[in-house]
Amino acid sequence: MPEKKAVVFCSASFDIDERFNDLARDVVRILFGCGYGMVSGGTVKGTMNVIAGEALRLGMEHKGVLPVFMKGVEYRGLTELVWTETMAERKEEMRAGTCLAVALPGGIGTLDEVIETLTLAKLGRYPGKVVAFNFEGFYEPLKALLDHYVETGMLDRPSRRLIYFPETLDDFLACVQ
Ligand code: AMP
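Residues numbered from 1 in each chain as written. Predicted model: local features only at pLDDT ≥ 70, side-chain atom pairs only at ≥ 80, totals over all residues. Heavy atoms only, no water.

## Looking at the pairing of strand β1 (residues 5-9)
Thought 1: In terms of residue burial, β1 counts as a mostly covered element, since 5 of its 5 residues are buried.
Thought 2: The side-chain alternation of β1 yields two buried faces, one formed by Lys5, Val7 and Phe9 and the other by Ala6 and Val8.
Thought 3: With 3 bridges joining them, β1 and strand β2 (residues 37-40) adopt parallel strand pairing. Bridged to Val7 within β2 is Val39.
Thought 4: Between the parallel pair β1 and β2, the chain is carried across by helix α1 (residues 18-33), and the sense of this crossover is right-handed. (Buried < 20%, exposed > 50% of the residue type's maximum accessible area, 1.4 Å probe, protein only. Helix = DSSP H or I, 4+ residues; strand = E, 2+ residues; numbered from the N terminus. Pairing = 2+ DSSP bridges. Right-handed = clockwise from strand over helix to strand, strands pointing away.)

Below, the structure is given as structure tokens:
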């Protein structure tokens, strides 16, 4: 696994539009091009399956982290597979050793993962960069919520600046280089 590792949080859904999966493939290619190894949820579900396939095609190092109760949905062909007892341990293990956390458009699991990571960054417990790909405005509601927190004093401005919202592949590349 390269020294530079990025954890990618993404959708487990099969019901999303294919353009979200095309974005995911582009993101994997950019990360690979920048010399990152990747860590993900490592399942065959939704966008996770898509990024695993792209990493395999590229020959990119890719660690998958799954809780034992998901046995049977692991993606076969990852460079490394790690099993955890709980979802909480899974998130911890996914982040371990990474210097970048990327949330692609996703559902509540992805939201949970990125917000937990941002909270840890705020507390100085996650040293990496936190990025939510605001593809076609997908994360505008989250941005608005965080800004609302700042306006109401619930979140300090320096912590709000710990999360980046790139909108294009060029923005994303500039963020992760
Ligand atoms: P979601 O964004 O709700 O589709 O959930 C996907 C994210 O949460 C992934 O990054 C996984 O780590 C985790 N997750 C939530 N639900 C599942 C599931 N059914 N199978 C695998 N991973 C899941």
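That was the structure; now back to the text.
## Let's talk about the site of the ligand
Thought 1: Neighbouring the ligand are 14 residues; Ala12, Gly107, Gly109, Thr110 and Glu113 lie closest to it.
Thought 2: Contact distances for the ligand include 2.8 Å between an oxygen atom and a backbone N or O atom of Ala12.
Thought 3: Arg90 places a side-chain nitrogen or oxygen 2.9 Å from an oxygen atom of the ligand.
Thought 4: Against a free-state accessible area of 470 Å², the protein chains account for coverage of 82% of the ligand.
Thought 5: Judged by its atoms lying within 2 Å of the grid points, the ligand is housed in the largest pocket. (Near = heavy atom within 4 Å. Polar contact = N/O pair within 3.5 Å; in protein donor to acceptor, adjacent residues only side chain to side chain. Areas by Shrake-Rupley, 256 points an atom, 1.4 Å probe, with all protein chains shown as cover. 1 Å grid on protein atoms, 1.4 Å probe; cavity = no way out; pocket = protein on both sides within 12 Å on 5 of 7 lines; lining within 4 Å. Sits in = over half its atoms within 2 Å of the grid points.)

## Brief notes about the pairing of strand β5 (residues 100-103)
Thought 1: Of the two faces of β5, both are covered, the one formed by Leu100 and Val102 as well as the one formed by Ala101 and Ala103.
Thought 2: With 4 bridges joining them, β1 and β5 adopt parallel strand pairing. Each bridged residue has a counterpart across the sheet, and for Ala6 the counterpart in β5 is Leu100.
Thought 3: Of the pairings in the sheet, the one linking β5 to strand β6 (residues 129-132) comprises 4 bridges and is parallel in character. Bridged to Leu100 within β6 is Lys129.
Thought 4: For the segment spanning β5, helix α4 (residues 108-122) and β6, crossover handedness is right-handed.

## Points about the packing of α1 against helix α2 (residues 46-58)
Thought 1: For the pair α1 and α2, the least separation of the axes is 9 Å and the interaxial angle reads 40 degrees. Taken together, the axes of α1 and α2 lie oblique to each other. For the pair α1 and α2, the sense of crossing is right-handed. Listed contacts from α2 to Asn21, Ala24, Arg25, Val28, Arg29 and Phe32 of α1 are Thr47, Val50, Ile51, Glu54, Ala55, Arg57 and Leu58.
Thought 2: Taken together, the residues of the contact of α1 with α2 sort by class into 7 nonpolar, 2 polar and 4 charged. (Axes fitted to C-alpha atoms, helices over the stretch in contact; angles between N-to-C directions. Parallel < 35°, antiparallel > 145°, perpendicular 65-115°, else oblique. Left-handed = near helix turned anticlockwise from the far one by under 90°. Contact = heavy atoms within 4.5 Å. Nonpolar A, V, L, I, M, F, W, Y, C, P; charged D, E, K, R; others polar.)

## Description of a nonpolar patch on the surface
Thought 1: Nonpolar side chains collect at one region of the surface, where Leu145, Tyr149 and Met154 lie side by side and expose about 310 Å² of accessible area between them.
Thought 2: Residue Leu145 is classed as partly exposed on the basis of its relative accessible area, which comes to 37%. (Patch = residues over 30% accessible without salt bridge, like charges linked within 9 Å, V, L, I, M, F, W, Y side chains within 5 Å. Salt bridge = Lys/Arg side-chain N within 4 Å of Asp/Glu carboxyl O.)

## As for the pattern of salt bridges
Thought 1: Applying the stated criterion to the full structure yields 15 salt bridges.
Thought 2: For Arg57, the salt bridge identified is with Glu54, shortest N-O distance 2.7 Å. In this pair, Arg57 and Glu54 are both assigned in helix α2, 3 residues apart and thus about one turn of the helix distant.
Thought 3: For Glu116, the salt bridge identified is with Arg95, shortest N-O distance 2.6 Å. Highlighted residues: Glu116 in helix α4 and Arg95 in helix α3 (residues 87-95), separated in sequence by 21 residues.

## A few points about the environment of Lys5
Thought 1: Tracing the backbone shows Lys5 in strand β1.
Thought 2: The exposure class assigned to Lys5 is buried, which follows from its relative accessible area of 17%.
Thought 3: For the pair formed by Lys5 and Lys63, sequence separation is 58 residues and the distance between their alpha carbons is 9.7 Å.
Thought 4: Setting aside its immediate chain neighbours within four residues, Lys5 contacts Tyr36, Gly37, Gly97, Thr98, Cys99 and Leu100.

All we've got here are geometric facts, nothing functional implied.
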